[in-house]
Amino acid sequence: MSNLTVDKEAFHRRMKRLYTHWKNASGDDSFAKIDAMIVAVGVDEEVIYSKSTSLQTWLFGYELTDTIMVLCEEKVLFLASKKKADFLKQVEVGKENENGIPPITLLIRDKGDKDKTNFEKLMEAVKTSKNGKTIGEFSKDRFPGDFMDQWRAVLEKAGLDKIDVSATTAYLLAPKEESELTLVKKSSLVTCTVFSKYYREQVMEIVDADKKVKHFKLADGIEESITNKKFTQGVDPALIEMCYPPIIQSGGNYSLKFSVVSDKNNLHFGIITCAFGTRYKSYCSNIVRTLMVDPPQAVQDNYEFLLGVEEDVISKLQHGVRLSDVYTNAVKAVKAKRPELVEHLTKNFGFAMGIEFREGSLLIGGKTSAMARKGMVFNVNVGLADLQNKEAKEEQGKKYALFIGDTVIVNEGEPATVITPVKKRVKHVGIFLKDEDESGDEDEVNGAAGPVLLGRGKRSAVLDNKLRNEMTSEEKRRQHQVELGARLNEEARQRLSQQNSRESSEKSVKSTVSYKSRSLIPKEPEVTGLQLFVDRKYETVILPIFGIPVPFYIATIKNISQSIEGDYTYLRLNFHHPGSAMGRETTFSNPEATFLKEVTYRSTNLKEPGEAAAPSSNLNTAFRLIKDVQKKFKTREAEEREMEGIVKQDKLIINSNKGNPKLKDLYIRPNIVQKRISGTLEAHTNGFRFTSVRGDKVDILYNNIKHAFFQPCDGEMIILLHFHLKNAIIFGKKRHNDVQFYTEVGEITTGRSVDEERP
C-alpha cells in the first residue's frame, strides 16, 4: 500500500464532521448514548456493501481489511498490519490536534500473542472515554476470521452495552461533498451511455431480427459492456463496476425489486423492464427504464401517468422536506387522479444512495421521518405491478408491469436534479412495428415525429436518430441482407437434409456419487466424531445424519447460509431435488428416490472451560470450506461449458526457417489476460502463431479462417488484421470466433528553427 495516498484534507474535514455530530448529539440520536464507537472490518468476499467499509471509504478512499478503528472522546486508535499502519501514517500527523479532532494512535498487529496486548490497549481507551460503558457499532457487520472472532470475544468479556449507530452514520454520510457528487455524476454518465448506446440498441436489434435471447444473456452483455472503452469515455475503466447484476424482465414475470436476478426465459416482445447501475470509485448510480413493443393505448396512458408520478416525487424532493411527506403527497395525487392504480404502486419510491447502493434507513416511504438534505443522492424509482393488458393476444403479454427510475441530487428551494437524463417519453421507449408494404405516404405523415419504429422478419426498422435521407442506402443494405439470409437458409436446409436422424444430442448426466467404495471415505477424527467434514479431494461434504456420517457431492448442494442467533450458530444447507428450481437443467438418475431438501445444524458459541475453541468453530470452518469448494466447482463447470462444441484443430506445423513472415509489436483482441500485452505474429507452414511477451501462444490455422480483413491506417490511429474463424478456438479460458491483431501508429514531426537553417 506504499503507493496509495490519502486525501488528508478530506479525511480531517470528514473526521471533524463526525466528531462534531457526536459532540452535539442529543435526544434520540444514537450518538448521544455512546461513550465510544468501534468499526471493525475483516475479510469477506461475499460482502459488497456494509457500513464499516463505507465509513472507511468515506474517510480514506479505500477499504482496509483486518483493521479495527476505535473512536474515543479524546483519541482515535487504529489496530492494523504494518503495511496498513504505514498507509495510515499519512493522517497520523498534521491537523489531527486542530479543530476538535483528537490525536491519532496507530497500533501494529502482533500475531505472536494474538494481539492480546493491543486488545487491552483498545479496551483501556474505550473504558476511559466518557463513562466507558456503552459502545456504538454496526450490528449487521459481522466479518468472519480468527482476528474478528478474537476481538468480538474481548468485547463480550468486557460486558459493554452496545448500540447500533448504522442509521445515524448513514444520515451523516448521506449529504455529499462536491468531490463526491462529481464521482456520482461520472458514474451516472457511464450508466446512461451503456443504456443508450448498448442496451437499447441491443433490444432494438433483437426485436428487429426476431431473435431469441434469454434475459440473463442480455444482462451479461450489459456487465461486459462496462469493460469496453467505447462506453466508459472520460473515466478509468478499471475503477468501474456494476452495483448489482442487471435485471431484465419481460413476458409476465415481473418483480419490481433490486434483489431479484434475470431469469433464463427468452425476451418477450411486449413490456420489457430494465434496471442496472454502475459504481465509479465506489460511488453508485442507477437507472430504471421500461421499453414497450407495440403497446396499446391503455398501456401508454398508464405509462405517461407513471411518468407524472415520478416527476411529482422529484419536484417534492427538496432540502428540509420529510421523506414520508414526499411519499404521501405522491400517493394522494394518485388517489385523486387514478384511484384504481394505488394498489399497484410500489411500496416505496426510492432510497438514498452513495457508497452503499441502498440505504434502508432513508427510504422514500410512508414511515421515514428523516428529512432530505441538500447534496443527498437518491435513486428515485416508481412502478406499477400486476397490471392487466386486455388487448394482448399472447398469454405472456396479458400481465405486465411498468418501472421507471433515475438518480437525482437534492437541492435547496428547487426540485431535485436528475443526473440520468435518458429520454423516457413513450415516443422514446415505444417500439412500434410497421410492415414494409404499408404506404410510404403514411410514413411521411406519421413517422416524422412519431415513436421509434422497428420491425420483425420482413419489417423495416426506422430509428429515431436516423435521417430520412439515409433510406436509399438502407434499402440497398436490406436487399443484400435478404440475399444473404436466403443463401444461409439454403445451406442450412442442405445440411439438415444430410443428417441421418433427428436425434438431439443430450448432455451426459454427471454422476453425483462421491465415493465409489466405502474404503475411500476419510477416516478423519471429524468424520468418526460425527462433525461436519469437507473432503476437498473428492469435493464432498460429509454430514452427520441420525448418528451416521453421510457424504454429499458438492453439486447436490444448492446453497448454504450461516446465521448467529443469541448464543447459537446455525448452518443451513439446501439441496437440489426434483422440482426445486424452475428452469434449472438438472437431471436426476432416480427421481423416484427419497431426497433430502434441507438440513440445519446448530452449535453453541459458548466455550466451556478447558476447550480450545467454541463448538461453533466447526460450523464456521465448514461454511468457509464449502464456499471455497463450491466456487472452484462452479469455475470448473464454467470452463467446461466454454469447451463444449469446440472442434479439435490440426496441430500447427512449425517452420524453423528464420525468414518466416513476421509482424512484431502487435496487440491481440480479445485480450489474453485482463491487461493488453504485445507480442509477435509469425506465419508457419499451416497457420499463424501469436506469441506474447510473457510466453502465451495463440495458434490460428489457415483452414480455420473463414474471412480475413485488413484495415490500413488511412484516417485511423490503428492498423489491424481481423480473422473471422469457421470454428471457435480457446484462449484466455474463453472461446472466440473472432481474433484481431493491431498496432497503434502515429506521425513524428520534427520542427527546425530559423536559426538552425542559417549557414
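Residues numbered from 1 in each chain as written. Predicted model: local features only at pLDDT ≥ 70, side-chain atom pairs only at ≥ 80, totals over all residues. Heavy atoms only, no water.

Novice: What is the right way to read the pairing of strand β15 (residues 377–388) from this model?
Specialist: It is a general feature of regular strands that their side chains alternate between the two faces of the sheet. Most of β15 is tucked away, with nine of its twelve residues classed as buried. Here ten bridges tie β15 to strand β16 (residues 399–409), and the two strands are oriented antiparallel to one another. Its bridge partner being in β16, Leu 387 is matched across the sheet by Tyr 400. (Buried < 20%, exposed > 50% of the residue type's maximum accessible area, 1.4 Å probe, protein only. Helix = DSSP H or I, 4+ residues; strand = E, 2+ residues; numbered from the N terminus. Pairing = 2+ DSSP bridges.)

Novice: So what exactly am I meant to see when it comes to the packing of aromatic side chains here?
Specialist: To describe a pair of aromatic rings, you give the distance between the ring centres and the angle between the ring planes. With the rule as written, the count across this model stands at 23 aromatic pairs. Look at Tyr 19 and Trp 22: their rings are 5.5 Å apart centre to centre, the planes differ by 45°, and that puts the pair in the tilted class. Of this pair, Tyr 19 and Trp 22 both sit in helix α1 (residues 8–24), three residues apart, which is roughly one turn of that helix. For the pair Tyr 19 and Trp 22, a shared accessibility class is recorded, and that class is buried. (Phe/Tyr/Trp six-rings, centres within 6.5 Å; stacked < 30°, edge-to-face > 60°.)

Novice: Even after reading the chapter, I still don't get empty space enclosed by the protein, so can you show me in this structure?
Specialist: Empty pockets left among the atoms are what a rolling probe the size of a water molecule brings to light. Considering all chains together, one arrives at four cavities of 30 Å³ or more under this definition. Volume-wise, the largest cavity comes out at about 170 Å³. Ala 170, Leu 173, Lys 176, Ile 355 and Glu 356 are the residues nearest the centre of the largest cavity, which is lined by 17 residues in total. Among the elements of the structure, α2 (51–60), α6 (166–173) and β14 (359–363) are those that each provide at least two residues to the lining of the largest cavity. Class assignment for the residues of the lining of the largest cavity results in nine nonpolar, three polar and five charged. (1 Å grid on protein atoms, 1.4 Å probe; cavity = no way out; pocket = protein on both sides within 12 Å on 5 of 7 lines; lining within 4 Å. Points joined across faces, edges and corners; volume = space filled by probe spheres on them. Nonpolar A, V, L, I, M, F, W, Y, C, P; charged D, E, K, R; others polar.)

Novice: Just to check I follow, could you spell out the environment of Ala 158 for this structure?
Specialist: Mapped onto the elements of the fold, Ala 158 is located in helix α5 (residues 146–158). In this structure, the C-alpha to C-alpha distance between Ala 158 and Lys 133, residues 25 residues apart in sequence, is 9.3 Å. Dropping the residues within four chain positions of it, Ala 158 is found in contact with Met 123 and Lys 127. (Contact = heavy atoms within 4.5 Å.)

Novice: I keep staring at the sheet that holds strand β10 (residues 278–280) and nothing clicks. Help me out?
Specialist: Adjacent strands of a sheet form backbone hydrogen bonds with each other and so pair up, either parallel or antiparallel. Ordered by their spatial adjacency, three strands build an open sheet running β7-β10-β11, and the pairing between neighbours is antiparallel. Of all the strands in the sheet, the pair left with one neighbour each is β7 (240–242) and β11 (283–284). Of the pairings in the sheet, the one linking β10 to β11 comprises two bridges and is antiparallel in character. Pairing of Arg 279 across the sheet is with Cys 284, part of β11.

Novice: I'm lost on the confidence of the model for the chain in this one. Help?
Specialist: Any residue range with low pLDDT should be treated as having predicted coordinates unsuitable for detailed reading. Averaged over every residue, the pLDDT of the chain is 86; the share at 70 or more is 89%. Of all helices and strands in the chain, the one with the weakest mean pLDDT is helix α12 (residues 440–446) (45), whereas strand β13 (residues 350–352) scores best (97). Note that pLDDT drops below 50 for residues 436–470; the model gives that stretch 67 contacts with residues more than four away or on any other chain. Taken as a whole, residues 500–507 scores under 50 in pLDDT and shows two contacts with residues more than four places along the chain or in a different chain. (pLDDT = per-residue confidence, 0-100.)

Novice: What's the story with the nonpolar core in this structure? I'm lost.
Specialist: Looking at soluble globular proteins, one finds that nonpolar side chains tend to be buried together. Counting 146 residues, the largest nonpolar core has Leu 55, Phe 60, Ile 68, Tyr 199, Leu 317 and Phe 378 as its most contacted members. Top element by residues in this core is helix α7 (residues 178–209). It accounts for twelve residues. Other than its neighbours up to four places away in sequence, Phe 378 contacts Leu 317, Leu 323, Phe 351, Ala 352, Met 353, Leu 362, Ile 364, Asp 406, Thr 407, Val 408 and Val 410. Val 534, Ile 554, Leu 625 and Ile 626 belong to the second-largest nonpolar core, a separate cluster that totals 21 residues. (Core = buried A, V, L, I, M, F, W, Y, C linked by side-chain atoms within 4.5 Å.)

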